[in-house]
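These are the residues of each chain, in order.
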Amino acid sequence: LFVSLPYQRRSAEKADVGPKTDGATFFDDLQKPSSFVLTSKDPEGFNIIDVMGWGALGHAFGFAVLAAASLNSYGITPFPTP
């Protein structure tokens, strides 16, 4: 097997086989910001980050309302009375 190794290497050099690079790597492309995350065609300018943030706040507020209503139905006042 090792007898054919020099022949294989010479053939590979002649055939110009192997990876070609232009200086840019795969990871350089991964570091570019995604266009759909920071921009949108929404008239008000909301992007996916804004929607996720407002959605999280809305869910937290809704959970607090449901928890307060549940406590109130058991006769426990969730808020101090003056």
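All figures in this text were calculated on a predicted structure; none of them were measured in a lab.

1. Notes on the overall build of the protein
Now for step 1: Looking only at helices and strands, the protein has four helices and zero strands in total.
Now for step 2: Reading the secondary structure of the protein in the N-to-C direction produces α-α-α-α.
Now for step 3: Going through the 82 residues of the protein one by one, you find that 2% of them count as buried.
Now for step 4: When the accessible area of the protein is evaluated, it comes to approximately 8000 Å², of which 67% is carbon and sulfur surface.

2. A word on a nonpolar patch on the surface
Now for step 1: A contiguous nonpolar surface patch, about 880 Å² in accessible area, is contributed by Leu-38, Phe-46, Ile-48, Ile-49, Val-51, Met-52, Trp-54 and Leu-57.
Now for step 2: Take the nonpolar patch: its biggest share by element is six residues, from helix α4 (residues 48-73).
Now for step 3: Here Leu-38 lies in helix α3 (residues 35-38).
Now for step 4: A residue is classified by how much of its surface remains accessible, and Leu-38, at 57% relative accessible area, is exposed.

3. Some details on α4
Now for step 1: Over its 26 residues, α4 extends 37 Å from the first C-alpha to the last, a length consistent with the 38 Å expected when each residue adds 1.5 Å.
Now for step 2: Sitting at the head of α4, Asn-47 places a side-chain oxygen 3.1 Å from the backbone nitrogen of Ile-49.
Now for step 3: Gly-75 sits one or two positions beyond α4 and adopts a positive phi of about 85 degrees.

4. A closer look at the confidence of the model for the protein
Now for step 1: The pLDDT averaged across the protein works out to 82; a share of 85% of its residues lies at or above 70.
Now for step 2: At the low end of the mean pLDDT range in the protein sits α3, at 68; at the high end sits α4, at 94.

5. What to know about the environment of Ser-40
Now for step 1: Take Ser-40: it is sitting in the loop between α3 and α4.
Now for step 2: Judged by its relative accessible area of 38%, Ser-40 is partly exposed.
Now for step 3: Residues within four places of Ser-40 in sequence aside, it is in contact with Gly-45, Phe-46 and Asn-47.

Criteria and cut-off values
Residues numbered from 1 in each chain as written. Predicted model: local features only at pLDDT ≥ 70, side-chain atom pairs only at ≥ 80, totals over all residues. Heavy atoms only, no water. Helix = DSSP H or I, 4+ residues; strand = E, 2+ residues; numbered from the N terminus. Buried < 20%, exposed > 50% of the residue type's maximum accessible area, 1.4 Å probe, protein only. Areas by Shrake-Rupley, 256 points an atom, 1.4 Å probe, with all protein chains shown as cover. Patch = residues over 30% accessible without salt bridge, like charges linked within 9 Å, V, L, I, M, F, W, Y side chains within 5 Å. Salt bridge = Lys/Arg side-chain N within 4 Å of Asp/Glu carboxyl O. Expected span 1.5 Å × (residues − 1). Polar contact = N/O pair within 3.5 Å; in protein donor to acceptor, adjacent residues only side chain to side chain. pLDDT = per-residue confidence, 0-100. Contact = heavy atoms within 4.5 Å.

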